[in-house]
Amino acid sequence: MLSADFIETLKAEWFGRFDRIIDDRRTLPSSNLKCLDLCQARCCPRVGMRSMPAGEIASPVVVLLPFEMEYLMEKTGVSQTLFRRWPLAFAPGVTIHIGMLDLGKPCPFLTNTLQCSIHEHNPLDCRTYPLLPLVNGSGILEWELGENCPSLMHLNPKFARAIKDTWQELIPCLPQAWWDLYAFADHWTGWPPPELESAHAGRD
Ligand code: SF4
Ligand code: SF4
């Protein structure tokens, strides 16, 4: 199969997964997180931070799943220019681009009223926080907690269980290269210099 055909097949498979994840969200128990009440500037940088220097904005790196950026664009009409795109060797001879929302500026989807403008389709990574998935050396899914989240003590265990089950189902579909990128992004400390960004972001 040609690389382009293979990528289209992969994309269709991932779109099917996202359809199911979105459907399942409608019956998820509440997370019980108190984002608006307790959070000043963590998960989604607050409007008041927009004038702050990039290095002072406390923002996560949101790493999208394979083809999640394309899915989000199709479902919400948002522009690809809002994402950083990072090349990922998905399979031998097959490179795709992973969408990311990263440090250094507020999320472009956060509204002035502190809502997520793409809430129904927002990335699974956003939905998962303050749970942080990782795979160990044996390919087993493990979990850490985002200790900076002020809502952590309110997290509903039933919601957490459902989110973990969602990720568990994705494990066979996610190459190690994606997990490597996910782990790398978690320790990212800022936007790379422009010359590196143009070299790595793969915008075309
Ligand atoms: S999940 Fe936690 S860190 Fe993120 S916005 Fe909500 S309270 Fe803040
Ligand atoms: S996509 Fe939505 S939930 Fe995720 S960081 Fe942006 S505003 Fe927050």
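Residues numbered from 1 in each chain as written. Chains lettered and ligands numbered in written order. Predicted model: local features only at pLDDT ≥ 70, side-chain atom pairs only at ≥ 80, totals over all residues. Heavy atoms only, no water.

Quick notes on the overall build of the protein chain
This is how the line gets drawn: Runs of E in the DSSP output that reach at least two residues are strands. Runs of H or I that reach at least four are helices, and both are numbered from the N terminus. Burial status follows relative accessibility: with a 1.4 Å probe on protein chains alone, a residue under 20% of its type maximum counts as buried, one over 50% as exposed, and anything between as partly exposed. Contacts are assigned to residue pairs with any non-hydrogen atoms lying within 4.5 Å of each other.
Looking only at helices and strands, the protein chain has seven helices and five strands in total. Along the protein chain, from the amino end to the carboxyl end, the secondary structure elements read α-α-β-α-β-β-α-β-β-α-α-α. Considering the protein chain as a whole, with its 204 residues, one finds that 43% of them fall into the buried category. For the protein chain, the share of sequence-separated contacts (at least 6 apart) that also reach a separation of at least 24 residues comes to 70%.

Some thoughts on the packing of aromatic side chains
Under the convention used in this document: Here a pair means two rings of Phe, Tyr or Trp (six-membered ring of Trp) with centres within 6.5 Å. Their orientation is stacked below 30 degrees between planes, edge-to-face above 60, and tilted elsewhere.
Per the counting criterion, the structure on display carries twelve aromatic pairs. Ring plane angle 50° and centroid distance 5.7 Å describe the contact between phenylalanine 83 and phenylalanine 109, whose orientation is recorded as tilted. With phenylalanine 83 in the loop between helix H3 (68-76) and strand E2 (84-91) and phenylalanine 109 in the loop between strand E3 (94-101) and helix H4 (124-128), this pair connects stretches of sequence that are 26 residues apart. Judged by its relative accessible area of 1%, phenylalanine 83 is buried.

A few points about the pairing of strand E4 (residues 131-135)
Within a regular beta strand, the side chains point alternately toward one face of the sheet and then the other, so they alternate between its two faces. Spelled out, the test is: Strand pairing requires that DSSP identify at least two bridges connecting the strands.
Here E4 lies mainly inside the structure; four of its five residues are buried. Of the strand pairs in this sheet, E4 and strand E5 (residues 141-145) are connected by five bridges, and their pairing is antiparallel. Looking across to E5, one finds that leucine 131 is bridged to leucine 145. What sits between E4 and E5 in their antiparallel hairpin is a turn of five residues, with glycine 139 showing a positive phi close to 80°.

A word on helix H1 (residues 3-25)
The criterion, for reference: Expected helix span is taken as 1.5 Å per residue step, with the number of steps being one fewer than the number of residues.
The end-to-end C-alpha distance of H1, which contains 23 residues, comes to 33 Å, matching closely the 33 Å that a straight helix rising 1.5 Å per residue would cover. Regarding H1, the residues found buried are Leu10, Trp14, Phe15, Gly16, Arg17, Phe18, Ile21, Ile22 and Arg25. In this fold, the buried residues of H1 make contact with H3, E2, H4 and helix H5 (157-170).

Considering the nonpolar core
As a reminder, the rule being used: To form a nonpolar core, buried Ala, Val, Leu, Ile, Met, Phe, Trp, Tyr and Cys residues must be joined to one another through side-chain atoms within 4.5 Å.
Membership of the largest hydrophobic core comes to 35 residues, with the highest contact counts inside it found for Val63, Leu65, Trp167 and Trp178. Of all the secondary-structure elements, those providing two or more residues to this core are H1, E2, E3, E4, H5 and helix H6 (176-186). For this core, the element with the highest residue contribution is H1, accounting for six residues. Not counting chain neighbours up to four residues away, the residues in contact with tryptophan 167 comprise Leu65, Leu124, Thr128, Pro133, Leu141, Trp143, Leu174, Trp178 and Trp179. Membership of the second largest hydrophobic core comes to nine residues, among which are Met69, Phe83, Leu101 and Phe109.

Re the pairing of E2
Where E2 and E3 come together, seven bridges link them in antiparallel fashion. Looking at E3, one finds that tryptophan 86 is bridged to isoleucine 98. Taking the residues that link successive antiparallel strands as the turn, the E2-E3 hairpin has two residues, and the phi of glycine 93 there is positive, at about 80°.

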